[in-house]
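# Examination of the molecular architecture
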Amino acid sequence: MFKEYDIIVVGAGHAGSEAAAAAANLGSSVLLITMNMANIAQMSCNPAMGGIAKGQIVREIDALGGYSGIITDKTMIQFRMLNKSKGPAMWSPRAQSDRMLFSMEWRDALENIPNLDFWQDMVIGLITNKKKVVGVKTSMGLEIKSKAVILTNGTFLNGIIHIGSKQFRGGRIGERASVGLTEDLNKLGFVSDRMKTGTPVRVDGRTIDFSKLEEQPGDAIPEKFSFTDTPKLEKQRSCYLAYTNSDVHDTLRTGFDESPMFNGRIEGTGPRYCPSIEDKIDRFADKAGHQLFVEPEGWNTIEYYINGFSSSLPDHVQFKALIKIPGFENAKIFRPGYAIEYDFFPPMQLKYSLETKLIDNLYFAGQINGTTGYEEAGAQGLIAGINSHRKLNSLSDFILKRSESYIGVLIDDLITKGVDEPYRMFTSRAEYRILLRQNNADLRLTLKGYEIGLADEKRNNRVIQKKKTIEEIIQFIKKESVSPSEVEKMLLNSETSPLKQKVKISSILSRPQVSINSLLENINSFSNLISSFPPEIINECLQEAEILIKYGGYVQKEEEIANKLNELEDIYLSPDFDYFNLKSLSYEAREKLAKVKPKTIGQASRISGVSPADISVLAVYIGR
């Protein structure tokens, strides 16, 4: 039935979908195996993409030639730019999506890639030969051959669903768990562990009294995720804010004795930054209430997602507590919240390419690596898809540095530091976040995507034009001067001090109260210049030019630091280096270095337990 494929991708969630698309678009023959063709790129939890730091990742996926941004733009029902009150390094795009439409659009996109095939089945084991993967075994008794395999199993590996004292196998509620693969990988020498995540009740919107909730509309002028010509959002659906109270908390506490979290039935570690409602009540007992986000699941559905009310308590306790929340007194639910416990493989068993150290041509991506979130999964899938194709074609690994992207931060954190809880990306994890802004992802990464053959020429030409336009805008602003009379009205409206003499436009724009759009409205020479540029990119160019002028000093300083520290990334360490023979290193450093086998001194410097003194010893030893 099957030819030998270049690459088999196991799992069709966000990681698997991006991996399959990337590898196939680069030219590899790909087979995507999923247990249910109807649930490709399913939004298992929150029907949203982006958010703090996650939005940057989606834009980076898009800039490289991935699909997440495009699919999000086609299916979003609300857009918000978060953290606009802070500096541009913190701005993060977020979209509420239509859950069903999102999955349909992903399937349509994948089905339109010519050399991508599909098979509905469960993979229960790998076929290996001399420490090299050569195919997979399925529950139907099939053996399908390939040159490489990418595992993106999500929460399905030996998944167990918990609702109070009830527990049953499943990868998501209503879907069976994947069994056999973990045990097969363990036999090959891989180390696995358990993690836990959860999801809240889904509520019938017809039974919610929205007059008691706080409306949270989308941005007045919604933006997009993709740098391509995706549709603009013309109308939006609102989200809402609700709040728990002491009565809600007291009701939830009545179920603590049956909580699998508190009685030891759940062994896996849960996400620190997205705790269940019972965990929040237990950890923050002094708080009288917690904020909830009431989010629609799509354009044409009455189903609502109660973000912040994730729970594994008994279903009747969840319901009794829910109807004590103002606005939910008459609520009906579609299904209760639940916790899910699943296997993952600590990611220090991987290389930067996401290929495993133990088995050649085997790659892991997504929650199998201990991450949480669609965005983190999609990014890993993209990188695994690219690198599996490149290895089969004798090309060098595609590696992104921490100073180049949030994706680089994500993968470096995973393989260097490992995880002891579900990993979630934050802006605070990126030491170069001033450089890694959501608006300049294409300027940073599209050329790289074009060079490897994933981003097309149209994308690259757009970035070339954008860079040229930004440079011309900045040069004009720094070179041209204006008189006090030209900007008197604008400065008065901006509530900033008037000019006493002619000054460069850049000195006016450097004032916090003055925006580049106000210059555009009040300075004719500047307006004339802007009208000569392509209208489809001008807003992006104006935003980037404004950031580079207002925050130019910070950007330059961070670039200098990044360039200096990047020198450590160019000092390579042999994978066979015997750290235990280097007695000048601390014993902890020798243990950690021998375990991680860092590729460079830069990576070694980020390993927990390896001190600056240890790095100095390494540098001296190799003559640097």
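Above: the structure in question.
These figures come from a predicted structure and were not determined experimentally. (Residues numbered from 1 in each chain as written. Predicted model: local features only at pLDDT ≥ 70, side-chain atom pairs only at ≥ 80, totals over all residues. Heavy atoms only, no water.)

## Quick look at the overall build of the chain
The secondary structure content of the chain amounts to 21 helices and 21 strands. For the chain, the C-alpha radius of gyration of 26 Å lies close to 25 Å, the compact-globule estimate for 624 residues. Dimensions along the principal axes, computed over C-alpha positions, put the chain at roughly 80 × 70 × 55 Å. In the chain, which comprises 624 residues, the share counted as buried stands at 59%. Sequence-distant contacts, at least 24 apart, represent 72% of the contacts inside the chain between residues at least 6 apart. Surface summary for the chain: the accessible area is close to 26100 Å², and the carbon and sulfur share equals 49%. If you average the places of the 77 positive and of the 78 negative side-chain charges in the chain, the two averages end up 2 Å apart. (Helix = DSSP H or I, 4+ residues; strand = E, 2+ residues; numbered from the N terminus. Rg over C-alpha atoms; globule rule 2.2 N^0.38 Å. Buried < 20%, exposed > 50% of the residue type's maximum accessible area, 1.4 Å probe, protein only. Contact = heavy atoms within 4.5 Å. Areas by Shrake-Rupley, 256 points an atom, 1.4 Å probe, with all protein chains shown as cover. Lys, Arg positive; Asp, Glu negative; His and termini not counted. Charge placed at Lys NZ, Arg CZ, Asp CG, Glu CD.)

## What to know about the side chain of D121
Along the polypeptide, D121 turns up in the loop between strand 6 (116-120) and strand 7 (123-128). Buried and without a salt bridge, D121 has R176 as its closest oppositely charged side chain, separated by 5.4 Å. A distance of 3.1 Å separates the side chain of D121 from the side chain of W119, its partner in a polar contact. Ignoring any residue separated from it by four or fewer positions in sequence, one finds D121 in contact with I33, T34, M35, T138, S139, M140 and L142. (Salt bridge = Lys/Arg side-chain N within 4 Å of Asp/Glu carboxyl O. Polar contact = N/O pair within 3.5 Å; in protein donor to acceptor, adjacent residues only side chain to side chain.)

## Focus: the sheet that holds strand 5 (residues 92-97)
Across the sheet, which stays open at both edges, the 3 strands sit in the order 3-5-4 with antiparallel pairing between neighbours. The sheet is open, and its two borders are formed by strand 3 (48-50) and strand 4 (76-82), each paired with just one other strand. With direction set aside, neighbouring strand axes in the sheet form an average angle of 15 degrees. Here strand 3 pairs with strand 5 via 3 bridges, running antiparallel. Within the sheet, the bridge partner assigned to G50 lies in strand 5 and is R94. (Pairing = 2+ DSSP bridges. Axes fitted to C-alpha atoms, helices over the stretch in contact; angles between N-to-C directions.)

## A look at helix 2 (residues 54-64)
Summarising burial for helix 2: 11 of the 11 residues are buried, a large majority. Where helix 2 is concerned, the buried positions are K54, G55, Q56, I57, V58, R59, E60, I61, D62, A63 and L64. Directly after helix 2, the chain includes G65, whose backbone phi takes a positive value near 110 degrees.

## Observations concerning helix 19 (residues 587-596)
Looking only at helix 19, the buried set comprises A589, R590, L593 and V596. Looking straight down helix 19, one finds its buried side chains confined to an arc of 145 degrees; they lie on one side. Check the buried side of helix 19 and you find it contacts helix 10 (406-417), helix 20 (601-605) and helix 21 (612-621). Of the residues flanking the end of helix 19, it is K597, one or two places downstream, whose phi is positive at about 55 degrees. (Arc of directions from axis to C-beta.)

## Observations regarding the environment of K583
Of note, K583 is situated in the loop between helix 18 (552-569) and helix 19. The spacing of K583 and V617 is 34 residues in sequence and 9.8 Å in space, taken between C-alpha atoms.

## Description of unusual backbone geometry
One non-glycine residue, A41, lies in positive phi territory at about 50 degrees. Inspection of the secondary structure assignment puts A41 in the loop between strand 2 (30-34) and strand 3. Unusually for a residue other than glycine, K597 sits at a positive phi of about 55 degrees. Along the chain, K597 turns up in the loop between helix 19 and helix 20.

## Side note on the nonpolar core
The biggest cluster of nonpolar side chains holds 102 residues, and the ones touching the most others in it are L151 and L362. Ranked by residues supplied to this core, first place goes to helix 1 (residues 14-26) with 8 residues. Listed in part, the 30 residues of the second largest apolar core include F476, V487, F533 and C541. (Core = buried A, V, L, I, M, F, W, Y, C linked by side-chain atoms within 4.5 Å.)

## Points about the packing of helix 12 (residues 457-479) against helix 17 (residues 535-550)
Running from N to C, helix 12 and helix 17 point in directions that differ by 50 degrees, and their axes come no closer than 9 Å. In terms of axis orientation, helix 12 runs oblique to helix 17. For the pair helix 12 and helix 17, the crossing hand works out as right-handed. Judged by residue contacts, R462, Q465, K466, T469, I470, I473, I474 and I477 of helix 12 engage E536, I537, I538, E540, C541, L542, E544, A545, L548 and I549 from helix 17. (Parallel < 35°, antiparallel > 145°, perpendicular 65-115°, else oblique. Left-handed = near helix turned anticlockwise from the far one by under 90°.)

## Considerations on the layout of surface pockets
If a probe as big as a water molecule is rolled over the atoms, it shows which places are left empty. One number sums up the size of the second largest pocket: a volume of about 1200 Å³. Around the second largest pocket sit 40 residues that line it, and I221, E223, N539, E540 and Q543 are the ones nearest its centre. Elements supplying a minimum of two residues to the lining of the second largest pocket: helix 12, helix 15 (516-522) and helix 17. Looking at the lining of the second largest pocket, the element that brings in the most residues is helix 17, giving 9 residues. Taken together, the residues of the lining of the second largest pocket break down into 14 nonpolar, 10 polar and 16 charged. (1 Å grid on protein atoms, 1.4 Å probe; cavity = no way out; pocket = protein on both sides within 12 Å on 5 of 7 lines; lining within 4 Å. Points joined across faces, edges and corners; volume = space filled by probe spheres on them. Nonpolar A, V, L, I, M, F, W, Y, C, P; charged D, E, K, R; others polar.)

## With respect to the pattern of salt bridges
A side chain with one charge can pair with a side chain of the opposite charge if their charged atoms come near. Evaluated as defined, the whole model comprises 32 salt bridges. E111 serves as the salt-bridge partner of R107, at 2.7 Å between the closest nitrogen and oxygen. In this pair, R107 and E111 both sit in helix 4 (residues 99-111), 4 residues apart, roughly one turn of the helix. Given a relative accessible area of 31%, R107 falls into the partly exposed group. Given a relative accessible area of 42%, E111 falls into the partly exposed group. A salt bridge links E540 to R462, with the nearest nitrogen and oxygen atoms 2.9 Å apart.

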